[in-house]
Amino acid sequence: MIDTKNSQLDMEKAMKIADKYEIEKLTEDFELIKNESQNFKIYVLFIGSFSVGKSALLNRLIGKNILEESQAPETAIATELYNSTEEYMVLNKKDNSRQIITSKLTDEEISNSKYIEHYVLSENIEKLSDYTVVDTPGFDSGIERHNKALIQYIGKGTAYVLVIDVEKGTISKSVLDFINEISGYDSDIVVALNKCDKKIPEDISKIKKGIEGTLNRNFFTQIPVIETSIFDDDISDKLVNLINKFDPYELYEKKVVSIFRDKITILLNALTTIKKNQNFDEED
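Rules used in this analysis
Within any chain, residue numbers begin from 1 and follow the written order of that chain's sequence. Totals for whole chains, interfaces and linings use every residue, but because this is a predicted model, local features are given only for residues with pLDDT of at least 70 and side-chain atom pairs only at 80 or more, for both listing and counting. Side-chain measures were taken over the full set of non-hydrogen atoms in the model, leaving aside hydrogen atoms and water. The way it works is that DSSP assigns letters per residue, a run of H or I at least four long becomes a helix, a run of E at least two long becomes a strand, and they are numbered from the N terminus. Relative accessibility under 20% of the residue-type maximum defines a buried residue, over 50% an exposed one, and the middle range a partly exposed one, all with a 1.4 Å probe and only protein chains included. We treat Lys and Arg as the positive residues and Asp and Glu as the negative residues; His and chain ends play no part in the count. For charged residues, the charge sits on one atom: NZ in Lys, CZ in Arg, CG in Asp, CD in Glu. Paired strands, as defined in this entry, are two strands with at least two bridges between them according to DSSP. Arc definition: it is the arc formed by the directions from the helix axis to the C-beta atoms. Only the stretch in contact is used when a helix axis is fitted, and all axes are lines through C-alpha atoms; the angle between N-to-C directions ranges over 0 to 180 degrees. We call two residues contacting when some pair of their heavy atoms lies within 4.5 Å. Each nonpolar core is a collection of buried residues, namely Ala, Val, Leu, Ile, Met, Phe, Trp, Tyr and Cys, held together in the definition by side-chain atoms within 4.5 Å. What counts as a ring pair is set by centres within 6.5 Å for rings of Phe, Tyr and Trp (its six-membered ring), and what kind of pair is set by the plane angle: stacked under 30 degrees, edge-to-face over 60, tilted for all other angles. Expected span, for any helix, means 1.5 Å times one less than how many residues it has. Take a side-chain nitrogen of Lys or Arg and a carboxyl oxygen of Asp or Glu: if they are within 4 Å of each other, that pair is a salt bridge. Comment on the angle field: the value is read as roughly parallel under 35 degrees, roughly antiparallel over 145, roughly perpendicular from 65 to 115, and oblique elsewhere. Should the near helix be turned anticlockwise from the far one by less than a right angle, the crossing is termed left-handed; should it be turned clockwise, right-handed. Polar here means any residue other than Ala, Val, Leu, Ile, Met, Phe, Trp, Tyr, Cys and Pro, which are nonpolar, and Asp, Glu, Lys and Arg, which are charged; Gly is therefore polar.

Colleague: Tell me about the overall build of the protein, and name the residues and values.
Modeller: When helices and strands are counted, the protein shows 10 helices and nine strands. Considered along the principal axes of its C-alpha atoms, the protein spans approximately 85 × 45 × 35 Å. A burial count over the protein gives 45% of its 284 residues as buried. The averaged location of the 50 negative side-chain charges in the protein is 3 Å from the averaged location of its 36 positive side-chain charges.

Colleague: Run through the pairing of strand β3 (residues 88–93), naming residues and quoting values.
Modeller: Regular strands have side chains that alternate between both faces of the sheet. As defined by bridge partners, β3 adjoins strand β5 (residues 113–120) across six bridges and the pair is classed as antiparallel. Along β5, the bridge assignment pairs tyrosine 88 with tyrosine 119. Here β3 hands over to strand β4 (residues 98–101) after four residues, with asparagine 96 in that stretch at a positive phi of 75°.

Colleague: Outline helix α9 (residues 235–244), listing residues and values.
Modeller: All of the buried residues in α9 are Ile235, Ser236, Leu239, Val240, Leu242 and Ile243. The buried side chains of α9 occupy one side of the element, clustering within an arc of 160° when seen end-on.

Colleague: Would you mind going over the sheet that holds β4 in detail, with residue names and values included?
Modeller: Note: strands within a sheet are paired through backbone hydrogen bonds, in either parallel or antiparallel orientation. Reading across from one edge, β4-β3-β5-β2-β6-β1-β7-β8-β9 is the order of the nine strands in this open sheet, with mixed pairing throughout. Whereas interior strands pair on both sides, the edge strands pair on one side only; in this sheet they are β4 and β9 (225–227). Sheet twist, expressed as the average angle between the axes of neighbouring strands with direction ignored, equals 25°. Sheet strands touched by helix α3 (residues 54–62): β1 (42–47), β2 (79–83), β5, β6 (131–135), β7 (158–165) and β8 (188–194). Its angle to β6, the strand with the most contacts, is close to 140°. In this fold helix α8 (residues 201–219) packs onto β7, β8 and β9, with an angle of close to 160° to the strand it touches most, β9.

Colleague: Lay out the nonpolar core with the relevant residues and their values.
Modeller: Side chains of a nonpolar character, in soluble globular proteins, are inclined to be buried together. By size, the foremost hydrophobic cluster in this structure holds 43 residues, and its most contacted members are Phe46, Leu61 and Val161. It is helix α10 (residues 248–278) that contributes the most residues to this core, six residues altogether. Apart from the residues lying within four places of it in its own chain, the contact partners of valine 161 are Val44, Leu45, Phe46, Ile47, Val190, Ala192, Leu242 and Phe246. Core analysis: the next-biggest nonpolar cluster, separate from the first, contains 32 residues, Tyr115, Ile154, Tyr160 and Leu193 among them.

Colleague: Could you give an account of the packing of aromatic side chains, naming the residues involved and the relevant values?
Modeller: All chains considered together, the criterion is met by six aromatic pairs. Their ring planes at 70° and their centres at 5.7 Å tell us that phenylalanine 30 and phenylalanine 260 sit as a pair that is edge-to-face. Of this pair, phenylalanine 30 sits in helix α2 (residues 24–38) while phenylalanine 260 is found in helix α10, placing the two residues 230 residues apart along the sequence. Phenylalanine 260 matches phenylalanine 30 in its accessibility class, with the two residues each being buried.

Colleague: Lay out α2 in plain terms, naming residues and giving numbers.
Modeller: With 15 residues, α2 extends 21 Å from end C-alpha to end C-alpha; this agrees with the ideal 21 Å at 1.5 Å per step. Among the residues of α2, Leu26, Thr27, Asp29, Phe30, Ile33, Lys34 and Ser37 are the ones counted as buried. Down the axis of α2, the sector holding all buried residues measures 160°, keeping them to one side. Pointing more than 90 degrees away from the buried face of α2 are the exposed residues Glu24, Lys25 and Leu32. Buried residues belonging to α2 abut α1 (5–20) and α10.

Colleague: Could you give me a rundown of the environment of serine 183, with the residues and numbers involved?
Modeller: By the secondary structure assignment, serine 183 is in helix α7 (residues 173–183). Placed 36 residues apart in sequence, serine 183 and phenylalanine 219 show a C-alpha to C-alpha distance of 8.6 Å.

Colleague: Any details on the pattern of salt bridges? Residues and values, ideally.
Modeller: Under the counting rule described, the total for this entry stands at 14 salt bridges. Ionic pairing is found between lysine 208 and glutamate 227, a salt bridge with its closest N-O pair at 3.8 Å. Of this pair, lysine 208 sits in helix α8 while glutamate 227 is found in strand β9, placing the two residues 19 residues apart along the sequence. Each of the salt bridges in this network shares a partner with another, and the network as a whole consists of Lys25, Asp29 and Lys263.

Colleague: Kindly report on the packing of α2 against α10, identifying the contributing residues and their values.
Modeller: Two elements in contact, α2 and α10, have axes whose closest approach is 10 Å; the angle formed by their N-to-C orientations is 165°. Comparing their axes, α10 and α2 come out roughly antiparallel. Remark: the crossing between α2 and α10 carries left-handed chirality. Contact residues: α2 offers Leu26, Asp29, Phe30, Ile33, Glu36 and Ser37, while α10 offers Tyr252, Val256, Ile259, Phe260, Lys263, Ile264, Ile266 and Leu267. Classifying every residue of the contact of α2 with α10 gives 10 nonpolar, one polar and three charged.

Colleague: I'd like a rundown of the packing of α7 against α8, residues and numbers included.
Modeller: Running from amino to carboxyl end, α7 crosses α8 at an angle of 45°, the nearest separation of the two axes being 11 Å. One element, α7, and the other, α8, form an angle in the oblique class. Both α7 and α8 take part in a crossing whose hand is right-handed. For the pair formed by α7 and α8, the contact residues are Leu176, Ile179 and Asn180 on the first element and Thr214, Leu215, Asn218 and Phe219 on the second. A breakdown of the residues in the contact of α7 with α8 according to their chemical character gives four nonpolar, three polar and no charged.

Next up, the structure:
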């Protein structure tokens, strides 16, 4: 787990200073940042269009078929994965209540929920305890509930594994638009070129280079592209290594500490102004 103790002590000090000099807005800001630090999680979202194989890949990561594959858009919902000795689900409903479920979900339960917490006994999920892995609905479904499911994660301590079907041979406009949206939040992203068992190596290489070129031209940065297939003997290890490349401390720095530093600069400027006013000579 990320050790945020020292950062939170600094936030408490800053909050006390802002409170002492009655800088109310900064006191509120520091309190919000401290709460963000205390509740900080690293979400690794598996995203992509429908039928690209996100859930199938995650089932290989888990080590058993827990997530429903090839599900219809109407029954898809964001699902967070947690390791547990007991297997069950928790529905997080639209009215903010929570309900434990041990059987198959009904369509009504899904439509009334924001997301699911799925607790599974999995060695790999336990290895990835610094992360919360999330299976998401396809973002090109046109279903408003799916857009809301993704929006709730954007801007948090989030990293993305974008899954693309190699049989499509290219990267779609909807995918490019989504990357453009999340890149504004300085998010980490890698691309998994999936279903590579369906193409010969030469074709895969051409498609991979084409996608890398498209990403580079659109975002002026090198986004890693890896090849995956559920039939790879080492697919679970490959996914674990892929997720572990997202540095927890780096994401914490981006999402929490950098914002805290910006507020500290504002606090120092405010204190400098207060000091100057204290030394002000009225006669002069």
